[in-house]
Amino acid sequence: QVQLVQSGSELKRPGASVKVSCKASGYTFTNYAMNWVRQAPGQGLEWMGWINTITGIPTYAQAFTGRFVFSLDTSVSTAYLQISNLKSEDTAVYYCAREWELLHDYWGQGTQVTVAS
Amino acid sequence: QSVLTQAPSASGTPGQRVTISCSGSRFNIGSNTVSWYRQLPGTAPKLLIYSKNQRPSGVPDRFSGSKSGTSASLAISGLQSEDEAEYYCAAWDDSVNGYAFGTGTKVTVL
């Protein structure tokens, strides 16, 4: 069965970097794009962008340009989200989600990233 | 600020029918497929409805979706206690060339 398993919770200081992983199984990784979604505490879902799993080319939503980087390691069917120069407002749960026909049919369990001094 | 607007809350008693609305524009709901997601407390969202009232395997037919113009609706019939969750609509938005989620509706079973 399709599974997206994300890395565990992270506690980081402001200014540090974090890399979240999303390991896919149960399907051919390069057949579907991978999206990233953020959910700040008590808030709704916010689409961050997506990465083409064939070409590795990322597309970022306007609010997520600059400090956010999507990447892949297709040899291990894993997508990554890296956030640099972390700020307190980056505290959130980050989800990876498989994209199918402009919707998200499978989601990872989420990774809590907490930025605090 | 999401381009898809939902009422913040809805409620009903067990067995009732509850309808959740999602208002958008010609750039999103008006021209692209709408999907609905359910997020139980502390868990990841799960796809509930997509593309003209299609349900993924395992989603009961108590859940149904519809669309008219630039608005969409999700109906939950035979409301059950386990339906207490946050519900989000979503659609691609051509004006920003990106995906938009609704503001979310929290359903409470009284």
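As a reminder, the structure under discussion sits directly above these lines.
Below is a summary of the structure that appears in this document. These figures come from a predicted structure and were not determined experimentally. (Residues numbered from 1 in each chain as written. Chains lettered and ligands numbered in written order. Predicted model: local features only at pLDDT ≥ 70, side-chain atom pairs only at ≥ 80, totals over all residues. Heavy atoms only, no water.)

### Overview of the sheet that holds strand β6 (residues 63-68) of chain B
Residue and element names in this part refer to chain B.
- Taken in spatial order, the four strands make up an open sheet running β1-β3-β7-β6, and their pairing is antiparallel. The open sheet terminates on both sides in strands that have one partner only, identified here as β1 (5-6) and β6.
- Here strand β3 (residues 18-23) pairs with strand β7 (residues 71-76) via six bridges, running antiparallel. Following the sheet pairing, S23 is matched in β7 by S71. (Pairing = 2+ DSSP bridges. Helix = DSSP H or I, 4+ residues; strand = E, 2+ residues; numbered from the N terminus.)

### Focus on the environment of S35 of chain B
- Considering the arrangement of structural elements, one finds S35 of chain B in strand β4 (residues 34-39).
- Each C-alpha atom of the pair S35 of chain B and F101 of chain B lies 9.3 Å from the other, and the pair is 66 residues apart in sequence.
- What S35 of chain B contacts, discounting residues up to four positions off in sequence, is L103 of chain A together with L47, I49, Y50, Y88, C89, A90 and Y99 of chain B.
- In this structure the side chain of S35 of chain B is engaged in a polar contact, spanning 3.1 Å, whose partner is the side chain of Y99 of chain B. (Contact = heavy atoms within 4.5 Å. Polar contact = N/O pair within 3.5 Å; in protein donor to acceptor, adjacent residues only side chain to side chain.)

### Details of the side chain of T111 of chain A
Residues and elements named next belong to chain A.
- As for its position among the elements, T111 is in strand β11 (residues 111-115).
- Accessibility expressed as a relative area gives 1% for T111, which makes it buried.
- A distance of 3.1 Å separates the side chain of T111 from the side chain of Q6, its partner in a polar contact.
- When residues no more than four places from it in sequence are discounted, the contact partners of T111 are Q6, S7, G8, V20, A92, V93 and Y94. (Buried < 20%, exposed > 50% of the residue type's maximum accessible area, 1.4 Å probe, protein only.)

### As for the pattern of salt bridges
- Counted under the stated rule, the structure contains six salt bridges over all chains.
- When the shortest N-O distance is used, the salt bridge between D105 of chain A and R98 of chain A registers 2.6 Å.
- Judged by its relative accessible area of 15%, D105 of chain A falls in the buried class.
- Across the pair R62 of chain B and D83 of chain B runs a salt bridge whose closest N-O atoms are separated by 2.8 Å. Residue R62 of chain B is found in the loop between β5 (46-49) and β6, and its partner D83 of chain B is found in the loop between β7 and β8 (85-93); the two are separated by 21 residues along the sequence. Each member of the pair R62 of chain B and D83 of chain B is classed as buried.
- Salt bridges here are not isolated pairs; linked through shared partners, they connect R38, E46, R67 and D90 of chain A. (Salt bridge = Lys/Arg side-chain N within 4 Å of Asp/Glu carboxyl O.)

### Thoughts on the state of the cysteines
- Tallied over the full model, the rule gives two disulfides over all chains.
- The disulfide bridge from C22 of chain A ends at C96 of chain A, spanning 2.0 Å between sulfur atoms. Across the S-S bond linking C22 of chain A and C96 of chain A, the dihedral sits near 75°, which makes this disulfide right-handed. Within this pair, whereas C22 of chain A is found in strand β3 (residues 18-25), its partner C96 of chain A is found in strand β9 (residues 92-100), the two being separated by 74 residues in sequence. Judged on exposure class, the residue C22 of chain A and its partner C96 of chain A are both buried.
- One disulfide bridge connects C22 of chain B with C89 of chain B, the sulfur atoms lying 2.0 Å from each other. Classification of the bridge connecting C22 of chain B and C89 of chain B rests on its S-S torsion, roughly 70°, and on that basis the disulfide is right-handed. With C22 of chain B in strand β3 and C89 of chain B in strand β8, the pair connects residues that are 67 residues apart, well separated along the chain. Assigned by exposure class, C22 of chain B and C89 of chain B land together as buried. (Disulfide = S-S within 2.5 Å.)

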